[in-house]
Amino acid sequence: MSDHVDKCVECGAKCCRYFCFQIDDPEEYSAFEDIRWFLCHEGISVHIDEDGDWYICIENRCKYVGSDNRCMIYEERPIICRQYDVDGCDFTGGDYRYQKLFTTPEQIEAYAREQLGPHGFDGPRTRARRRIERKQQAKARGRRKRRGK
Ligand code: SF4
Ligand code: SF4
């Protein structure tokens, strides 16, 4: 067995238990609000990496990690798994160095307030909420009309 496989078994196959992908940098209230919604879910985190790029991570174990922490489809594993190098991975390289890590909706809300200021945060939020309420009220009025009430 290679050194690499030894390390992977020892680490408990950390990198096979989540996946991350890049998301657009949020620039306005609505984009931060989407991230706030992501973070309302279990097992979700969002981070800004050292280059300033934004990523969402989803904790979800790959169905092919065996109980011995080995890949059960090693010979047929996806390209992305083949490209991930044990040198400098999250186990051998230490923790990822994030600029920022968000694990709760409160954290991203506080960050958005800080970045957008009250003008960019509270104003758009109030307008968005009112817009939705008005739409829902109009829909309810339409339904009542059709029923002749
Ligand atoms: S590549 Fe790194 S994080 Fe992934 S299983 Fe191997 S040692 Fe663990
Ligand atoms: S396919 Fe294998 S190497 Fe790839 S994430 Fe799943 S268990 Fe890990």
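### A look at the state of the cysteines
Within this structure, the stated rule accounts for 1 disulfide. Across the disulfide, Cys20 is cross-linked to Cys57 (sulfur-sulfur distance 1.9 Å). Taking the sign of the S-S torsion, 95° for the link of Cys20 and Cys57, the bridge is right-handed. Placement of the pair is Cys20 in strand 1 (residues 18-23) and Cys57 in strand 3 (residues 54-59), with a sequence separation of 37 residues. Take Cys20: its relative accessible area is 30%, and that puts it in the partly exposed class.

### Topic: empty space enclosed by the protein
Inspection of the entire model under this criterion finds 1 cavity of 30 Å³ or more. Each pocket or cavity is described by its volume, and for the largest cavity that value is around 30 Å³. Lining the largest cavity, in full, are Tyr29, Phe32, Glu33, Arg36, Ile108, Glu109, Ala112 and Phe121. Secondary structure elements with two or more residues in the lining of the largest cavity: helix 2 (29-38) and helix 4 (105-146). A breakdown of the residues in the lining of the largest cavity according to their chemical character gives 5 nonpolar, no polar and 3 charged.

### Considerations on the pairing of strand 2 (residues 44-48)
Where burial is concerned, most of strand 2 is hidden: 5 out of the 5 residues are buried. Of the two faces of strand 2, the one lined by Ile44, Val46 and Ile48 and the one lined by Ser45 and His47 are each fully buried. Strand direction decides the pairing type here: strand 2 and strand 3, joined by 5 bridges, are antiparallel. Within strand 3, the position partnered with Ser45 by the bridge is Cys57.

### With respect to unusual backbone geometry
Of note in the backbone geometry, Ala13 takes a positive phi value of approximately 55° without being a glycine. Counting through the fold element by element, Ala13 comes out in the loop between helix 1 (3-11) and strand 1.

### So, the site of ligand 1
Near ligand 1, the surroundings consist of Lys7, Cys8, Cys11, Ala13, Cys15, Tyr84, Val86, Cys89, Asp90 and Phe91. Across the shell around ligand 1, the residue classes break down as 8 nonpolar, no polar and 2 charged.

Calculation notes
Residues numbered from 1 in each chain as written. Chains lettered and ligands numbered in written order. Predicted model: local features only at pLDDT ≥ 70, side-chain atom pairs only at ≥ 80, totals over all residues. Heavy atoms only, no water. Disulfide = S-S within 2.5 Å. Helix = DSSP H or I, 4+ residues; strand = E, 2+ residues; numbered from the N terminus. Buried < 20%, exposed > 50% of the residue type's maximum accessible area, 1.4 Å probe, protein only. 1 Å grid on protein atoms, 1.4 Å probe; cavity = no way out; pocket = protein on both sides within 12 Å on 5 of 7 lines; lining within 4 Å. Points joined across faces, edges and corners; volume = space filled by probe spheres on them. Nonpolar A, V, L, I, M, F, W, Y, C, P; charged D, E, K, R; others polar. Pairing = 2+ DSSP bridges. Near = heavy atom within 4 Å.

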